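What follows is the residue order along each chain.
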Amino acid sequence: MVSFTHDGEGTPESHWRTWEHDREPGGDLQVEELFDGRLPSRFILLAAHPDDETLGAGGLLSRLARDGVRCDVVVLSDGEASHPSSPTHSPQQLAELRRTEVTNALQVLAPAARLIFEGLPDGGVTPGDVAAVLARELDDDETARTLVAAPWRHDGHADHDAVGAAAAQFCSDRAITLLEYPVWLWHWGTAEEQADQLADLSLYHLGAEEHARKGSALATHVSQTLPLSDAPGDEVLLTPGVLEHFSRSFEAFFVTGVPSAFERLHRDRPDPWEVAERFYEQRKRALTIAGLPRPRFCRTLEIGSSVGALTRDLAAVSDNLLALDTSETAVRRTNEAVIQHAAAYARLATVPRDWPREDGPFDLIVLSETGYFLSSDQLDEVIRLIRASLDDDGVLVLCHWRHPVEGWELDGDTVHQRVREQSGLTTLSLHTEEDFLLEILVPAPAMSVARREGLV
């Protein structure tokens, strides 16, 4: 257990600004990437004391609530022991005051969030208490898209450590994604002494609105940010030096993720969509290859390869081929499928974040049965990246299922419409069936195969 006092000389914020500036690039938290391109369906934010929710994750809470995620804030203790020597406030009065403050803070951050008070003893929260709360909240709930946030298990405050440790164990057992937020680390730690731990931190960058709401919410915790009175024992708990750590434009989390839905799908089934056996899939691949306006391509990019059935066919008409997939198992199976093609390979990537800028430009890009697994914003960015990566004489192939895609924001028809509207490309051919769309797009002017070959 780390030994420190809240009013002792802590690490100045200037130290952490230097750390932020010098840290290795990357490691930014994109919440959608934890849930296969979607936001979580539920966010449970655990606070050991009133104010932890604002200090550690107020900006993230504000963003998720604004975007319609169901948000629950569970305050485990009332923080009644914050001023044990106060001559003006009894523990009961402090508990009532702090409940009011956190209620007001949530009105700023997430007015529709459900606020739950557990009333556990301040300074005596146990892992068993926390596990019981999580079991109650998640007993009969769908947890695949649940996000839990809790104080960091090594934060140095007994209650924080207990909550973090219990949340880590519970979420590991139930395969729930967990974010742990440090609060007191910034006070007692240093970039040098905690280098190994800090290397695992992900930063969530706050937008202007999130940053402003967090600041306003923190100001509601008056019992912690200002002295209770001028009397000894009523001194301020969160000193200006401590508060400065939370005026940053980012929040920091230790992320414990779970395998993506696509990784679980490919790990559990050798051919999740039965692309090798179904005539529907065989015919669709044949139509895709037949629809290509040229017999051969120099450099091909396939976004989303699954088990590599279409990848193998594309490799046969490509001098070089790169396939991307978010599932490690899918990448391995794709590489097995194209093993006879020396210039074809697959690698692990999540688009748009891991777009292969250094491997382009491409004269063939294939987005097949993948577009609706992106969020709307991600699809817009992928369209921009496709256009920037496509040769002047390049070809974009779109192919998507037209029936409902449960649990996802987009559908096949919407993906094709969005690409037509935003890419600046022209449709060369469009094959429409009840089940799927197959569309070939090229830079204007679109020239038919017969015109290319001088037949007309």
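Residues numbered from 1 in each chain as written. Predicted model: local features only at pLDDT ≥ 70, side-chain atom pairs only at ≥ 80, totals over all residues. Heavy atoms only, no water.

### With respect to the nonpolar core
We apply this condition: Residues belong to one nonpolar core when they are buried, are Ala, Val, Leu, Ile, Met, Phe, Trp, Tyr or Cys, and are joined through side-chain atoms within 4.5 Å. Burial classification: accessible surface area is computed with a 1.4 Å probe over protein chains only, and a residue below 20% of its type maximum counts as buried, one above 50% as exposed, and the rest as partly exposed. Each helix is a run of H or I in the DSSP string that is no shorter than four residues. Each strand is a run of E no shorter than two, and both are numbered from the N terminus.
If you look at the biggest cluster of nonpolar residues, it comprises 51 residues, and the most contacted ones within it are Trp 19, Phe 43, Leu 61, Leu 64 and Trp 186. For this core, the leading source of residues is helix H2 (residues 52–66), giving five residues. Formed by 29 residues, the second largest nonpolar core is a distinct cluster that contains Phe 362, Val 382, Leu 390 and Leu 396.

### Quick look at the packing of aromatic side chains
As a reminder, the rule being used: Note on aromatic contacts: the rings of Phe and Tyr and the six-membered ring of Trp form a pair at centre separations within 6.5 Å, being stacked when their planes are under 30 degrees apart, edge-to-face when over 60 apart, and tilted otherwise.
Applying the stated criterion across every chain, the model contains ten aromatic pairs. For the pair Tyr 280 and Trp 401, a centre-to-centre distance of 5.9 Å together with 85° between the ring planes defines the contact as edge-to-face. Taken together, the residues Tyr 280 in helix H12 (residues 279–290) and Trp 401 in strand E12 (residues 390–401) connect sequence positions 121 residues apart. Given a relative accessible area of 22%, Tyr 280 falls into the partly exposed group. Seen in terms of ring centroids, Tyr 280 and Phe 436 are 5.9 Å apart; in terms of plane orientation they differ by 80°. Their pairing is edge-to-face.

### Describing the domain arrangement of the chain
How we decide: Domain segmentation is taken from an automatic or database assignment of domains. By definition, residues are in contact when any of their heavy atoms lie within 4.5 Å. Buried surface area refers to the total accessible area, computed with a probe of radius 1.4 Å, that the two partners give up upon joining, counted for both partners together.
Partitioning the chain into domains gives domain 1 (13–258) and domain 2 (263–453). Distance between the C-alpha centres of domain 1 and domain 2: 41 Å. Across the boundary between the two partners, domain 1 contributes seven residues, which contact nine residues of domain 2. Carbon and sulfur atoms supply 44% of the area that domain 1 and domain 2 bury against each other, a total of about 610 Å² over both sides.

### Observations concerning unusual backbone geometry
The peptide bond linking Val 351 to Pro 352 adopts the cis configuration, its omega dihedral lying at 10°. Within the element layout of this structure, Pro 352 appears in the loop between strand E10 (344–348) and strand E11 (362–368). The step from Gly 360 to Pro 361 runs through a cis peptide bond, and the omega angle for that step is 0°. Positive phi, close to 55°, is recorded for Ala 175, a residue that is not glycine. As for its position among the elements, Ala 175 is in the loop between helix H5 (158–174) and strand E5 (177–181). At Glu 274, a residue that is not glycine, the phi angle is positive and equals roughly 50°. Tracing the backbone shows Glu 274 in the loop between helix H11 (261–268) and H12.

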